[in-house]
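Commentary on secondary and tertiary structure
So the chains spell out like this:
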Amino acid sequence: MTTKLTITKPDDWHLHLRDGDALNTTVAFSARQFQRAIVMPNLAQPIINTELALAYRQRILHASPSGSSFQPLMTLYLTDNTSANDIQQASLCEHIYAAKLYPAGATTNSSNGVTDINKLTDVLHAMQKHRLPLLVHAEVTDSDIDIFDREQVFIDRHLSFIRRQFPELRIVLEHATTQQAIAFVNAHDNTAATLTPQHLLLNRNDLLAGGIRPHNYCLPILKRESHRQALLQAATSGNPKFFLGTDSAPHTMQAKETACGCAGCFTAHAAIELYAEVFESENALDKLEAFSSFYGADFYQLPRNKEKITLVKTLWQAPASFPMNDQALIPFRQDIALQWAVQASD
Ligand code: NCD
Ligand code: ZN
């Protein structure tokens, strides 16, 4: 049995760090294990242009632990008003790596997102031309579409069309949750997906059976077990189209444990450890390094990291909560012991 595993330092290709005081909590968790992270732009005031992205990057760096080499890779938030010029400007900036499509109303802080995807033609054309990858929150928002079907319907109605129209555009289907998403990614060139720890570890029973568990509530919502099996297969298959993106999404306990709670699981306190648990459960620890540290960098056409980290098999319990914004932040699966730990570097 493997009890110690040294891998190239991983990157997180989908991360929410929030802003302001919260950065003093969030950044260190990711910097501890990840060399780079694609930072999501869905702040209360979304990151809609290069200037805002650069200022946000400075705030993140300012909140990074001293001596840390953590690199935030910034993204742009697409709105109805994003122009081809905004895209060109972003593509010329060495710190911006992608633009994110949130259908308006799909998730946390998406009210300024795109209301009509058919009107994005000029923007997507510019992204293809300037080689800026498109990151997609692939869910429709129509109230008549069942929440468990929203990813599949988005793929059928929108993503297939975008894929056909812009064959050279690199697209990441973020936090894939269904077998249909996996099949779509497999079927198309220049198409990849991030996979989260929560969607690899849990199914919708973990959200709803035996009591409602707000800390397992995220979007896209957890699906049934057959979909989780498809995700596990994709993650551990050695297929470079699938790579690590935690979607760690901190909300305070007060915002989650309430009558209408926020979507998002905070996993950054133990992200690579949770993935190690997933891969071990599938007898695929030998596939963890490429999934966590190679395939994402390759897709983004960035160099692979040089540094290493070591994971050791050991049981440990995450704290009941962490302080954030003078409130409590509850870590994902806090009640279950973690099986792997990152060895402290000396
Ligand atoms: C994310 C957040 O809180 O910002 N929430 C989530 O449930 N995943 C937004 C997102 O990625 O959908
Ligand atoms: Zn997210």
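See the structure printed just above.
Described in the following lines is the structure provided in the data block. Predicted model only: the values in this text are computed from it and were never measured.

Things to note about the sheet that holds strand S7 (residues 171–173)
Ordered in space as S2-S3-S4-S5-S6-S7-S8-S9, the 8 strands form an open sheet in which the pairing is parallel. Each edge of the open sheet is held by one strand with a lone partner, namely strand S2 (12–15) and strand S9 (242–244). Between one strand and the next, the sheet's axes are offset by a mean angle of 30°, whatever the strand orientation. Bridge analysis of strand S3 (residues 36–39) against strand S4 (residues 71–77) gives 4 bridges, and the strand direction is parallel. If you follow Val-39 over to S4, its bridge partner there is Met-74. On the sheet, helix H5 (residues 150–165) packs against strand S5 (96–101), strand S6 (134–136), S7 and strand S8 (191–195) and is oriented at approximately 175° with respect to S7.

Some words on helix H12 (residues 288–299)
Helix length check: H12 (12 residues) gives 17 Å between terminal C-alpha atoms against 16 Å at 1.5 Å per residue, within 8%. Summarising burial for H12: 10 of the 12 residues are buried, a large majority. Within the sequence span of H12, burial applies to Leu-288, Ala-290, Phe-291, Ser-292, Ser-293, Phe-294, Tyr-295, Gly-296, Ala-297 and Phe-299.

Things to note about the pattern of salt bridges
Summed over the entire model, instances satisfying the criterion amount to 11 salt bridges. Among the salt bridges present, the one from Lys-119 reaches Asp-116, with a minimum N-O distance of 3.8 Å. In this structure, the salt-bridge partner of Asp-286 is Lys-287, at a minimum N-O distance of 3.7 Å. The class for Asp-286 is exposed, based on a relative accessible area of 61%.

Some remarks on the coordination of the zinc ion (ligand 2)
Surrounding the zinc ion (ligand 2) are the protein donor atoms His-14 (NE2), His-16 (NE2) and Asp-247 (OD), which sit 2.0 Å from the metal. Geometry at the zinc ion (ligand 2) is irregular, judged from its 4 donor atoms and the angles of 94 to 138° they form at the metal. Sequence positions of the residues that donate to the zinc ion (ligand 2) give the spacing H-x1-H-x230-D. Note that His-14 is positioned in strand S2 and Asp-247 in the loop between S9 and helix H10 (253–256), a separation of 233 residues in sequence. Just as His-14 is buried, Asp-247 falls in that class too.

Conventions used here
Counting starts from 1 at the beginning of each chain's written sequence and moves along it residue by residue. Chain letters and ligand numbers both follow the written order, the letters beginning at A and the numbers at 1. A pLDDT threshold of at least 70 governs which residues receive local features in this predicted model, and a stricter bar of 80 or more applies before side-chain atom pairs are shown or counted, although totals over entire chains, interfaces and linings include all residues. The basis for every side-chain value is the complete set of heavy atoms in the structure, and neither hydrogens nor water enter the calculation. Strands pair, by our definition, only if DSSP identifies at least two bridges between them. Numbering of helices and strands runs from the N terminus; a helix is a DSSP stretch of H or I covering at least four residues, while a strand is a stretch of E covering at least two. For helices, the fitted axis covers only the stretch in contact; all axes are lines through C-alpha atoms, and the angles between them, taken along N-to-C directions, range from 0 to 180 degrees. Contact definition: two residues touch when any of their heavy atoms are within 4.5 Å. Here, expected helix span is obtained from the residue count minus one, scaled by 1.5 Å. Relative accessible area decides the class of each residue, using a 1.4 Å probe on protein chains only: under 20% of the type maximum gives buried, over 50% gives exposed, and in between gives partly exposed. For this analysis, a salt bridge means a side-chain nitrogen from Lys or Arg found within 4 Å of a carboxyl oxygen belonging to Asp or Glu. Distances up to 2.8 Å from the metal define which N, O and S atoms are donors, and 3.2 Å serves for Na, K and Ca; water is absent from the atom set, so sites may look incomplete. Under this scheme a four-donor centre is tetrahedral when all angles range from 85 to 135 degrees, a four-donor centre is square planar and a six-donor centre octahedral when opposite donors are above 155 degrees with the rest from 65 to 115, and any other centre is irregular.

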